[in-house]
Amino acid sequence: MNRDTPFAARIAFRLPQSLYDKLEMWAEEEDRPLANLVYTLVKQAVTERERTLQAFEVKQEING
């Protein structure tokens, strides 16, 4: 896989039907495909994790 190519990776996973239904309703409310909603949520979660890790590293540097 060429990591320089956007959207080169694919994954498959299973969700409980109740969670799938909720995500599907959410996507419909925002008038977008479910895959796009899931992509956006994952991207936001990764961004937040990176911020949290950076903040933790800065705190460790300050505290020695």
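Residues numbered from 1 in each chain as written. Predicted model: local features only at pLDDT ≥ 70, side-chain atom pairs only at ≥ 80, totals over all residues. Heavy atoms only, no water.

(A) How the structure looks around a nonpolar patch on the surface. Taken together, the side chains of Ile11, Phe13, Leu15, Leu19 and Tyr20 define a hydrophobic patch exposed on the protein surface, amounting to about 490 Å² of accessible area. Positionally, Ile11 belongs in the segment before α1 (17-29). (Patch = residues over 30% accessible without salt bridge, like charges linked within 9 Å, V, L, I, M, F, W, Y side chains within 5 Å. Areas by Shrake-Rupley, 256 points an atom, 1.4 Å probe, with all protein chains shown as cover. Salt bridge = Lys/Arg side-chain N within 4 Å of Asp/Glu carboxyl O. Helix = DSSP H or I, 4+ residues; strand = E, 2+ residues; numbered from the N terminus.)

(B) Seen up close, the layout of surface pockets. Taken as a whole, the largest pocket spans an internal volume of roughly 690 Å³. Taken together, 20 residues form the lining of the largest pocket, with Ala9, Arg10, Ile11, Ala35 and Tyr39 sitting closest to its centre. Residue assignment for the lining of the largest pocket shows that the elements contributing at least two residues are α1 and α2 (34-63). The leading source of residues in the lining of the largest pocket is α2, at six residues. Looking at the lining of the largest pocket, its residues break down into 16 nonpolar, one polar and three charged. (1 Å grid on protein atoms, 1.4 Å probe; cavity = no way out; pocket = protein on both sides within 12 Å on 5 of 7 lines; lining within 4 Å. Points joined across faces, edges and corners; volume = space filled by probe spheres on them. Nonpolar A, V, L, I, M, F, W, Y, C, P; charged D, E, K, R; others polar.)

(C) Geometry of the environment of Glu29. Position of Glu29 relative to the elements: it lies in helix α1. Residue Glu29 is classed as exposed on the basis of its relative accessible area of 65%. Taking the C-alpha atoms as reference points, Glu29 and Thr52, separated by 23 residues in sequence, lie 30 Å from one another. (Buried < 20%, exposed > 50% of the residue type's maximum accessible area, 1.4 Å probe, protein only.)

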